[in-house]
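Fold and contact review
Read off the chains here:
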Amino acid sequence: MPNEGEVEYGHVASQGSRRRSFLFPLLILYLTWKLGVPLWLIFLISIWYAALVISEEAGILDRMDATRVLGAILMLRTRRGKGVLELVSRNRKFWRAYGEFSIWLCFFVMFGVVLLLLLSAISTAMNPPEDYLPASDLLLIPGVTSFVPFWWPALALILAIVIHEYSHGIQARAHGMSLRSFGLLLLGPLPIGAFAEPEEAEMDRAPKRERLRLFAAVPSINIIATYIVLILLSSVASGMVAGQEGAHARGIIEGAAADNAGMLPFETITHINGVRILDSDGFTDQMSTLAAGEEATFTVLSSPVLDGVRPEREVPVTLGDRYQYYIGECGDDSVCIENRVELMEILGIDPGDSFLGVSGLVSSTGGMDGYASIVEGDYSPGWTVVSTLIRPLLMLNTPIANEGQTLILEERAMLIAGDGLIASALGTNGMLMLFDFLFWLVWINFLLGFANLIPMIPFDGGHLVRDGTHAVLRRLRSKAHPVRIEMLSNRFSSFSSIFILLILLVPVIIPRLILSLIHISEPTRLGMISYAVFCLK
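Residues numbered from 1 in each chain as written. Predicted model: local features only at pLDDT ≥ 70, side-chain atom pairs only at ≥ 80, totals over all residues. Heavy atoms only, no water.

**Observations concerning the overall build of the protein**
- The helix and strand inventory of the protein stands at 22 helices and 14 strands.
- The long-range share in the protein, meaning contacts at least 24 apart out of those at least 6 apart in sequence, stands at 69%.
- If you sum the accessible surface of the protein, you get close to 30,200 Å²; carbon and sulfur atoms cover 64% of it. (Helix = DSSP H or I, 4+ residues; strand = E, 2+ residues; numbered from the N terminus. Contact = heavy atoms within 4.5 Å. Areas by Shrake-Rupley, 256 points an atom, 1.4 Å probe, with all protein chains shown as cover.)

Below is the structure:
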C-alpha cells in the first residue's frame, strides 16, 4: 500500500504530466500561425480542441462511441449502413474481379502521380516562384483555402468521403473480413475524412493479394467516380446556351488594333460589317475576308449596366497585320524570326492577313464548350477520349485562376438554360448550381483518388508499394526466408515514403526559403555564404 509521500508525489507527477500535455498542442498552434493560417481559424481549432479534451475526461466521448485522435480530430463511429453494405458486397466474385482491375489501375495512375510530383519539384527547384501559397491554401479545406468556397465543396467532400470509405468496407466484406464500424473524422463541424474499420487481426492474416485488392479498390473508386461525374457535368454543360450568340475575347493585346479602337474584354461581337457572327468559327470566317489596313465596323454588346441589359455599340477598327505582329514579337532575334516564319508557313499565315489584336477568342458559350464537347461529339473518338482523360487535371487550376469560381464570372453571365426537359425544369440558376456541385465533386474525387495513391505510408499508395514489393520479392527470391522478404519490403516502403515526402516538401520549402533569404540583410547574407564556403573547405 503506497504511503502518503508516494501518493503526493504521484499526484504532483500527474498534474505535471497534464500541464506538459498541453505544450505540444500549443507548439503546433504556434507553428500553424507562423505558417500563415488565419488567427480566427486557430482560435476556433483551440476551442474545438478544448471541448474534445473536456468531453473525453467527462466520459462523453465514450458514451457517443467516439474517440479523439491526433489531438483535435473526432473519430465518430456508427453501425448504420452495415445492412446496405452487406447487400452490396454479396456478389463477391464481381468485387474480387474489380479489386484485381483496381490493382493495375492504381499502379498505372501511381506512376503518373510520382512523375507529376517529381516534375513539379524539379520545376520549383530550377525556377523558384517569386511568391508562395499561404499555409491555408495548402490545406485545401472548404471555406479556409482562398480558392475553395464552403458549401458546394463541403457537400462534395462529404459525398466523396462516403464513396471512398464505403468501397473500403465493400472490399473487406467481399473478402470475408469483419467490419467493426463505420465513421467520420470531424474537425469541428467539417468532415475531413471517413473510415471503415476492418478487424485488424483479420487484415494482418489476410494474403497479400487480398490486401492489395483492398487498398487498391479505395482510391480507384474515387478515380472512376471522377469520370462518371465528369460525364454528368458534361451533360449539364451541353444543356446551357448563350443568351446572345456571338464571340468574345478574354484578353485585349495592348497597342494592337482592338486596344486602339477601345474594345474591351468579354464584349460580345455580334456583327462584323453588318454580317451576323454566331460563334468563334463565324468570326474566323469573316475575318478571313478582310485584309490588314482595312477599316471594319464591329457591333458589340458591352457588360450589363442596369436590369441586366447589355448596351450595343459600334466600334470602327483599323485592322493590323497578323504576320507582322508575330514577327515583331521576336525583336532583333534572327533565330526566333526564322523559326516564326517557318511556323507561320505551316499555319498558313501570310503577310497582309487581318489581325484584330485579341487573345482567347471563344464563342459566347466558351465557358461550357470544353465540358460539353465530351458528350456532344465535336471531335474524333480518339481525341474525345484523350480530352476526357486530361480534363480533371485541367480542372484543378480552374478555381485557382478564377478565385474560387467554377467559371469566369463574365462568361457565366452570358449563359442561360436551354430548352431541354431538365434545363427547362431547373432554369438558369438551377442548372448553374448543379454545374457547380458536379464540378466540385469531380475536383474533390480526383484529388482524393490521386492523393491516396501517393506512395507513402499512411496513404493507400504506400500500402500498395509495401505489399506489391513483397509480392515481387517473393517471386524473385523464392528461396529467401519470409522474414527477410518482409524486412526488405518494409525497408523499401520506408525509403520510398521518405523520398516522396522530400519531393512534396520541395515546392513548399524552397519558395519560403528564398523569400526569407531575400529579406535577410546584405551583411548577414554574405556572412552565411562565407561560412558555407569555409565549411566546404
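**Details of a negative patch on the surface**
- On the surface, a cluster of negative charge is contributed by Glu338, Glu342, Glu345 and Asp350.
- On the secondary structure map, Glu345 appears in helix H14 (residues 334-347).
- Exposure remark for Glu345: the relative accessible area of 62% places this residue in the exposed category. (Patch = residues over 30% accessible without salt bridge, like charges linked within 9 Å, V, L, I, M, F, W, Y side chains within 5 Å. Salt bridge = Lys/Arg side-chain N within 4 Å of Asp/Glu carboxyl O. Lys, Arg positive; Asp, Glu negative; His and termini not counted. Charge placed at Lys NZ, Arg CZ, Asp CG, Glu CD. Buried < 20%, exposed > 50% of the residue type's maximum accessible area, 1.4 Å probe, protein only.)

**Remarks on unusual backbone geometry**
- The phi torsion at Asn273 lies on the positive side, around 55°, for a residue other than glycine.
- Examined against the element boundaries, Asn273 turns out to sit in the loop between strand E7 (268-272) and strand E8 (275-276).

**Re the packing of aromatic side chains**
- Evaluated as defined, the whole model comprises twelve aromatic pairs.
- Ring plane angle 75° and centroid distance 5.4 Å describe the contact between Tyr371 and Phe435, whose orientation is recorded as edge-to-face. Taken as a pair, Tyr371 in helix H15 (residues 366-376) and Phe435 in helix H19 (residues 421-451) lie far apart in primary sequence, 64 residues in all. Across the pair, exposure class does not vary: Tyr371 and Phe435 are buried alike.
- Ring centres of Trp440 and Trp443 lie 5.1 Å apart, and the angle between their planes is 75°; on these two criteria the pair is classed as edge-to-face. Here the residue Trp440 and the residue Trp443 both occupy positions in helix H19, the gap between them amounting to three residues, near one helical turn. Of the two residues, Trp440 and Trp443, both sit in the buried class.
- Members of the aromatic cluster, each reached through a chain of ring pairs, are Tyr371, Phe435, Phe439, Trp440 and Trp443.
- Above the plane of the ring of Tyr371 lies Arg391, whose end atom (NZ or CZ) is 5.2 Å from the centre. (Phe/Tyr/Trp six-rings, centres within 6.5 Å; stacked < 30°, edge-to-face > 60°. Lys NZ or Arg CZ within 6 Å of the ring centre and 35° of its normal.)

**Examining H19**
- Here H19 contains 31 residues, and its C-alpha end-to-end distance of 38 Å is more than 12% below the 45 Å for a straight helix at 1.5 Å per residue.
- The sharpest bend along H19 reaches about 110° and sits at Gly427. (Expected span 1.5 Å × (residues − 1). Bend = angle between axes of the 7 residues up to and from the residue.)

**A few points about the packing of helix H8 (residues 151-174) against helix H10 (residues 208-238)**
- Where H8 contacts H10, the two axes come as close as 8 Å, and the packing angle between them is 150°. When the axis of H8 is compared with that of H10, the two are roughly antiparallel. Here H8 and H10 pass one another in a crossing that is right-handed. Two secondary-structure elements touch here, H8 through Ala160, Ile163, His164, Ser167, His168, Gln171 and Ala172 and H10 through Arg213, Leu214, Ala217, Val218, Pro219, Ile221 and Asn222.
- Of the residues that constitute the contact of H8 with H10, the class distribution is eight nonpolar, five polar and one charged. (Axes fitted to C-alpha atoms, helices over the stretch in contact; angles between N-to-C directions. Parallel < 35°, antiparallel > 145°, perpendicular 65-115°, else oblique. Left-handed = near helix turned anticlockwise from the far one by under 90°. Nonpolar A, V, L, I, M, F, W, Y, C, P; charged D, E, K, R; others polar.)

**Details of the confidence of the model for the protein**
- Chain-level pLDDT for the protein is 81 on average; 82% of the residues reach the 70-or-more range.
- Contacts of residues 4-20 to residues separated by more than four positions or lying in other chains number two contacts, the stretch itself having pLDDT below 50.
- Segment residues 531-537 is flagged for pLDDT under 50; beyond a separation of four residues in sequence, or across chains, it makes zero contacts in the model. (pLDDT = per-residue confidence, 0-100.)

**Focus: the pattern of salt bridges**
- Summed over the entire model, instances satisfying the criterion amount to twelve salt bridges.
- Its salt-bridge partner being Glu267, residue Arg313 comes within 2.9 Å of it at the nearest N-O pair. With a gap of 46 residues between them, Arg313 in strand E10 (residues 312-318) and Glu267 in the loop between helix H11 (257-261) and E7 connect regions that are remote in the sequence.
- Its relative accessible area of 30% is what places Arg313 among the partly exposed residues.
- In this structure, the salt-bridge partner of Glu329 is Arg340, at a minimum N-O distance of 2.9 Å. You can see Glu329 sitting in the loop between helix H13 (322-328) and H14 and its partner Arg340 sitting in helix H14, a full eleven residues away along the chain.
- With relative accessibility at 46%, the residue Glu329 sits in the partly exposed group.

**Examining the packing of H8 against H19**
- Viewed as axis vectors pointing N to C, H8 and H19 meet at an angle of 45°, and their least axial separation amounts to 8 Å. Taken together, the axes of H8 and H19 are oblique relative to one another. The hand of the H8/H19 crossing is right-handed. Touching Trp152, Pro153, Leu155, Ala156, Leu157, Leu159, Ala160, Ile161 and His164 of H8 are Met433, Asp436, Phe437, Trp440, Leu441, Ile444, Asn445 and Leu448, all from H19.
- Across the contact of H8 with H19, the residue classes tally to 14 nonpolar, two polar and one charged.

**A word on the state of the cysteines**
- Counted by the stated rule, this structure contains one disulfide.
- Cys330 shares a disulfide with Cys336; S-S distance 2.1 Å. Here the S-S torsion is close to -60°, and the disulfide linking Cys330 with Cys336 is therefore left-handed.
- By relative accessible area, Cys330 is classed as buried at 9%. (Disulfide = S-S within 2.5 Å.)

**Re H10**
- Over its 31 residues, H10 runs 45 Å from end to end, which matches the ideal 45 Å to within 8%, given 1.5 Å per residue.
- For H10, the principal kink sits at Ala217 and spans about 30°; a proline, Pro219, occurs within the next four residues.

**Overview of the nonpolar core**
- Core analysis: the largest hydrophobic core is formed by 32 residues, its most contacted members being Leu233, Met368, Tyr371, Met395, Phe435, Phe439 and Trp443.
- Within the residue set of this core, elements represented by two or more residues are H8, H10, H15, strand E14 (415-417) and H19.
- Here the element with the most residues in this core is H19; it accounts for twelve residues.
- With residues up to four places along the chain from it excluded, the contact list for Met395 reads Leu230, Leu233, Tyr371, Phe439, Val442 and Trp443. (Core = buried A, V, L, I, M, F, W, Y, C linked by side-chain atoms within 4.5 Å.)

**Description of the environment of Asn452**
- In this fold, Asn452 is placed in the loop between H19 and helix H20 (460-476).
- Leaving out residues up to four positions away in the same chain, Asn452 has contacts with His164, Pro219, Phe459, Asp460 and Gly461.

**Some thoughts on the side chain of Ser373**
- Along the chain, Ser373 turns up in helix H15.
- From its side chain, Ser373 meets the backbone oxygen of Gly370 in a polar contact 3.0 Å long.
- What Ser373 contacts, discounting residues up to four positions off in sequence, is Asp378 and Tyr379. (Polar contact = N/O pair within 3.5 Å; in protein donor to acceptor, adjacent residues only side chain to side chain.)

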